[in-house]
Amino acid sequence: MKCIVCNCATSAGLSPWHMICPSCHYESADLKPMVNQQQAHEQLNEHDREIALKHLRAENFKAIVEHISELASPCAKSLLDVGSAHGWFLEQAATRFQVTGVEPDVAVGGKAAARGLPVRSGYFPDALAPGETFDVIVFNDVIEHIPDIGSALGACNAHLNADGLLVLNLPSSRGFFYSLSKLFARIHWNGPFERMWQKGLPSPHVHYFNDSNLTTLVTSHGFSIARSFSLAALSTNGLLERLRLVGKVNPVALYVQYAAVICAIPLVKLFPSDIVVCVFRKQP
Ligand SMILES: [Zn+2]
């Protein structure tokens, strides 16, 4: 298999479904998405997981909107959020932009639309009208799920106005927790590594980038890099809810874990973050 970034032959990774490019360190997984096909209980777990992440997402989305506002031209108005899920980013971005969301999960998107958010049901770019363009297109935790990423980037270019911004918020292969999960996988404890790739979930990750190989790929589709920054992958806000979801633990064990993570946060901040955001500008 050839690397989608640098065209080198990829090598076997840490699982039969995992590949790594020895040259640019891009990683891929042969895991199949199954949106709208999952069992009801799995949907519920995914929903709980999202709710537990709400506090962290809200802080991070606020920071992303601030960066976009700084980089966008003063007359930039329209913003498209691809995979808008519960609509939390739309709500945050609506303070500055005229927003539109696209969401393939009918149940999740329907709930956001019922709250009055402008969400269309479907996939990007099929849910857009031909020739429909925006000043900003955002993917929050979405691009790493799209198998044909080259076509998606081409469609981004086609649906952006001149000088438009493409914002990719995604997990980083340089991240502390991802690196730790790879270390565990090497000693045959695969659970954390499979969790990082969301193996077995309705929409698993199929790519793992770092800011460098992502920039190489995106700039080959008619963009230049405007800014990249990292965001916290751990926050004390909502942490207890996140830990509760990890498994059925007794209350004592839960609070011991909580205290341990609170103490570890300053240490974790010394290492590269697991969340990177890259902002690209459409080239003339
Ligand atoms: Zn490569």
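Residues numbered from 1 in each chain as written. Predicted model: local features only at pLDDT ≥ 70, side-chain atom pairs only at ≥ 80, totals over all residues. Heavy atoms only, no water.

A.B. asks: Teacher, can you tell me more about the coordination of the zinc ion here?
C.D. replies: Under ideal tetrahedral coordination, the four donors around a metal are separated by 109.5 degrees; under ideal octahedral coordination, the six donors are separated by 90 or 180 degrees. On the protein side, the zinc ion has C3 (SG), C6 (SG), C21 (SG) and C24 (SG) as donor atoms, found 2.2 to 2.3 Å from it. Taken together, the 4 donor atoms surrounding the zinc ion define angles of 98 to 121° at the centre, an arrangement classified as tetrahedral. Positions of the donor residues of the zinc ion, expressed as sequence spacing, correspond to C-x2-C-x14-C-x2-C. In this pair, C6 sits in the segment before β1 (11-12) while C21 sits in the loop between β2 (18-20) and β3 (27-29), placing the two residues 15 residues apart along the sequence. With relative accessibility at 30%, the residue C6 sits in the partly exposed group. (Donors = N, O, S within 2.8 Å, 3.2 Å for Na, K, Ca; no water. Tetrahedral: all angles 85-135°; square planar, octahedral: opposite > 155°, others 65-115°. Helix = DSSP H or I, 4+ residues; strand = E, 2+ residues; numbered from the N terminus. Buried < 20%, exposed > 50% of the residue type's maximum accessible area, 1.4 Å probe, protein only.)

A.B. asks: Looking at this model, I keep getting lost on a nonpolar patch on the surface. Mind explaining?
C.D. replies: A grouping of L267, L270 and F271 is seen on the molecular surface, where their side chains present a nonpolar patch of about 350 Å² in accessible area. Topologically, L270 is positioned in the loop between α10 (251-268) and β11 (275-282). Exposure remark for L270: the relative accessible area of 69% places this residue in the exposed category. (Patch = residues over 30% accessible without salt bridge, like charges linked within 9 Å, V, L, I, M, F, W, Y side chains within 5 Å. Areas by Shrake-Rupley, 256 points an atom, 1.4 Å probe, with all protein chains shown as cover. Salt bridge = Lys/Arg side-chain N within 4 Å of Asp/Glu carboxyl O.)

A.B. asks: Looking at this structure, I do not really get the environment of D30. What am I missing?
C.D. replies: With respect to the helices and strands, D30 occurs in the loop between β3 and α1 (40-52). Taking relative accessible area as the criterion, D30 reaches 54% and is therefore assigned exposed. Sequence separation between D30 and S15 is 15 residues; the distance between their C-alpha atoms is 10 Å. A polar contact is formed between the side chain of D30 and the side chain of K32, at a distance of 2.7 Å. (Polar contact = N/O pair within 3.5 Å; in protein donor to acceptor, adjacent residues only side chain to side chain.)

A.B. asks: So what exactly am I meant to see when it comes to the layout of surface pockets here?
C.D. replies: The probe, sized like a water molecule, is rolled over the atoms to show the empty space still left. As a volume, the second largest pocket reaches approximately 200 Å³. Lining the second largest pocket are 14 residues, and of these M1, S28, A29, D30 and V206 lie nearest its centre. For the lining of the second largest pocket, the residue count by class is 10 nonpolar, 2 polar and 2 charged. (1 Å grid on protein atoms, 1.4 Å probe; cavity = no way out; pocket = protein on both sides within 12 Å on 5 of 7 lines; lining within 4 Å. Points joined across faces, edges and corners; volume = space filled by probe spheres on them. Nonpolar A, V, L, I, M, F, W, Y, C, P; charged D, E, K, R; others polar.)

A.B. asks: What is the right way to look at helix α4 (residues 106-114) in this model?
C.D. replies: Working note: α-helix, 3.6 residues per turn, so residues spaced by three or four point in the same direction. The opening residue of α4, the one whose side-chain oxygen lies 3.1 Å from the backbone nitrogen of A107, is D105. Taken from the residues just after α4, G116 is the one with a positive phi, measuring 95°.

Everything listed is a geometric property; what it means functionally is a separate question.
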